[in-house]
Each structure stands twice: as structure tokens, then as C-alpha cells.
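# Structure assessment
One letter stands for each residue in the lines below.
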Amino acid sequence: MLELRPAAERGIANFGWLYSQHTFSFGSYHDPEQIGFSDLLVINDDRVAAGQGFGTHPHRDMEIFSYVLEGALEHKDSMGVGSVIRSGDVQMMSAGTGIRHSEYNASDEELVHFLQIWIVPDREGVTPRYQQQNFPADDKRGRLRLIISPDGADGSLSVYQDARVYAGLFNGAEQHRITLPAGRHAYIHVARGALTVNGRRLSAGDGARLRNVQEIDFSQGEHAEVLLFDLRPNELPGY
């Protein structure tokens, strides 16, 4: 079963310097029907104006990753890490016992467009850690590339949860089928462009919940960039 989450129904936060669209409940946006899905808690589609950003703020016991679509995001944290994340880069931060960090647009001229995604960890109180990896477009062209996994398989980043994240680029005749283990749930988020998933047309910002669906087909892409989350069949209230 595929349950569509239309882009136009997402929550919106507009602070001038930040325009953010929330797939799930976040900040002042609350919808009891949209409180995450399995261990996937947050997908924020953020656009930050040139030279602006999020000042230093804390996180604890959360797996947080950023996926940059356009521009460059500058990161600094209490672990002493300083980095710039660009298109094609994925950053994973395990907040664990507690971390403070800031995120700013690294450009004084262009906006930065990125997804910030939170996954609930399977353990608390871990030592905070930071990971960053570039996944070239060629690795994602016409296929799904594993970018996050519990064991860092195939050069992916590690997450403290039974969850796997794939990224793909699809255009024209490119098509791909992925087969998930029996009983798993999946969430699909179209970051940009449009494509067909199991016969349903999805456009930029659209999402889809899939329960107990093993085979997922991607086709008819129009400059599409998509994320697939392979998740536990965790059906907590509101999830």
C-alpha cells in the first residue's frame, strides 16, 4: 500500500532568512496524523538565505543528517568539527550524550537548499560522533545508492538504528527496482523533479509511506532526485 504525503500539505515556517517545509510535525507545526513514520521523525526541506543560518543550539540522543541539494552549508560543533557540506555531500551527526552545533549558509551571495532529517536512535547516551561523505552523481544515476546503514556497508555512513537510506537520480528512460526484506516499511521523499513510484506520480516535495511492500519500482524520471528509507515495521501511536 502506498500512502501519499503531498508536498502542498506540509507545514511551513517562514522567517525571512529561512523558508522551511516540514513533512512531519516540527516546531510550531503540529499535525497528530503526521508525527514521523517508524523511526523517521523529521524531514525538513530548508532554504537558507545567503550569509544566514542557525546559531549554536543543542541536540541529544538523535541521529541527524543533512543532505545538500544546492549551495554550501557550513557546520561547526562542540566536538571541534568544522566543515562545509556541498551538493552531493551527506553529513551524519549522532548527538548521543549531547552536542552543540551551528549551521550557516557558507555563501554571501547564493542560498543553500538542503534536507535535514532526524532518525530516532536505538540506544541512548552514546559518545557523540560526526561523519561526512560525498556520493558522486554517477553512483546514483539511474539507481539507488546506499548512503546510510547500521553497519556502514558499501561505504555508507553509520546510523544507530535498524534503518537504511538510499539516494537516486532518475531521468528519461532510467528505471530501477529495489527489493526490501519481508515485513519492512519504507518512506520515499522526492527532493526535486518528478518520477513514478509503483505506478504513482510523485513530484518535488511529495512523500509516500509504504507498508509491507517488498518491490518498489522507480521510472519515468524528470530530473528527479529521491531518497528511500528502509525502516522497521514500527507502528507506535502517531507514527
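Conventions used here
Residues numbered from 1 in each chain as written. Predicted model: local features only at pLDDT ≥ 70, side-chain atom pairs only at ≥ 80, totals over all residues. Heavy atoms only, no water. Phe/Tyr/Trp six-rings, centres within 6.5 Å; stacked < 30°, edge-to-face > 60°. Helix = DSSP H or I, 4+ residues; strand = E, 2+ residues; numbered from the N terminus. Buried < 20%, exposed > 50% of the residue type's maximum accessible area, 1.4 Å probe, protein only. Pairing = 2+ DSSP bridges. Axes fitted to C-alpha atoms, helices over the stretch in contact; angles between N-to-C directions. Patch = residues over 30% accessible without salt bridge, like charges linked within 9 Å, V, L, I, M, F, W, Y side chains within 5 Å. Areas by Shrake-Rupley, 256 points an atom, 1.4 Å probe, with all protein chains shown as cover. Salt bridge = Lys/Arg side-chain N within 4 Å of Asp/Glu carboxyl O. Lys, Arg positive; Asp, Glu negative; His and termini not counted. Charge placed at Lys NZ, Arg CZ, Asp CG, Glu CD. Core = buried A, V, L, I, M, F, W, Y, C linked by side-chain atoms within 4.5 Å.

## As for the packing of aromatic side chains
The tally for this structure, following the rule as stated, stands at 6 aromatic pairs. Ring geometry for F26 against W118: centres 5.5 Å apart, planes inclined by 80 degrees, an arrangement best described as edge-to-face. On the criterion of sequence distance, the pair formed by F26 in the loop between β3 (18-22) and β4 (40-48) and W118 in strand β11 (residues 112-119) is long-range, its members being 92 residues apart. Under the relative-accessibility criterion, F26 is labelled partly exposed at 26%. When the centroid spacing of 6.5 Å and the interplanar angle of 40 degrees are considered together, the rings of F65 and F229 count as tilted. Remark: F229 occurs in strand β20 (residues 215-231) and F65 occurs in strand β6 (residues 63-70); sequence separation between them is 164 residues. The exposure class of F65 is buried, given its relative accessible area of 0%. Members of the aromatic cluster, each reached through a chain of ring pairs, are F24, F37 and Y187.

## Notes on the pairing of strand β8 (residues 82-86)
Side chains S83 and I85 of β8 all project onto a buried face; the interleaved residues G82, V84 and R86 project onto a face where none is buried. For strand β7 (residues 72-77) and β8, the ladder comprises 5 bridges, and the chain directions are antiparallel. Counted as the bridge partner of A72 is R86 from β8. If you look at the hairpin formed by β7 and β8, you'll find 4 residues sitting between the two strands, and G80 has a positive phi there, around 90 degrees.

## With respect to the sheet that holds β4
Spatially, 7 strands are ordered β2-β3-β4-β11-β6-β9-β12 in an open sheet, and the strand pairing comes out antiparallel. This sheet does not close on itself; its edge strands, each paired only once, are β2 (11-14) and β12 (129-134). Averaged over all pairs of adjacent strands, the angle between strand axes in this sheet comes to 15 degrees, irrespective of strand direction. One ladder, built from 5 bridges, connects β3 with β4; its direction is antiparallel. Bridge pairing links Y19 to R47 in β4.

## Side note on a negative patch on the surface
Judged by side-chain charge, E70, D108, E109 and E110 come together as a negatively charged surface patch. On the secondary structure map, E70 appears in strand β6. You can call E70 partly exposed: its relative accessible area is 41%.

## A short note on the nonpolar core
Judged by nonpolar contacts, the single largest core of 25 residues is most densely connected at L40, F65, I147, I148 and F229. Listing elements by their share of this core, those giving two or more residues are β4, β6, β9 (89-94), β11, β13 (144-149), β15 (164-172), β17 (185-197) and β20. Counting 21 residues, the second largest nonpolar core, distinct from the first, contains L146, V190, V213 and V226.

## Let's talk about the sheet that holds β7
As summarised here, the arrangement of the 4 strands in space is β5-β10-β7-β8, forming an open sheet in which the pairing is antiparallel. Here the strands that pair on one side only, and so sit at the sheet edges, are β5 (53-59) and β8. Averaged over all pairs of adjacent strands, the angle between strand axes in this sheet comes to 20 degrees, irrespective of strand direction. Bridging between β5 and strand β10 (residues 99-105) involves 5 bridges; their strand directions are antiparallel. Residue pairing for β10: H59 is matched across the bridge by I99.

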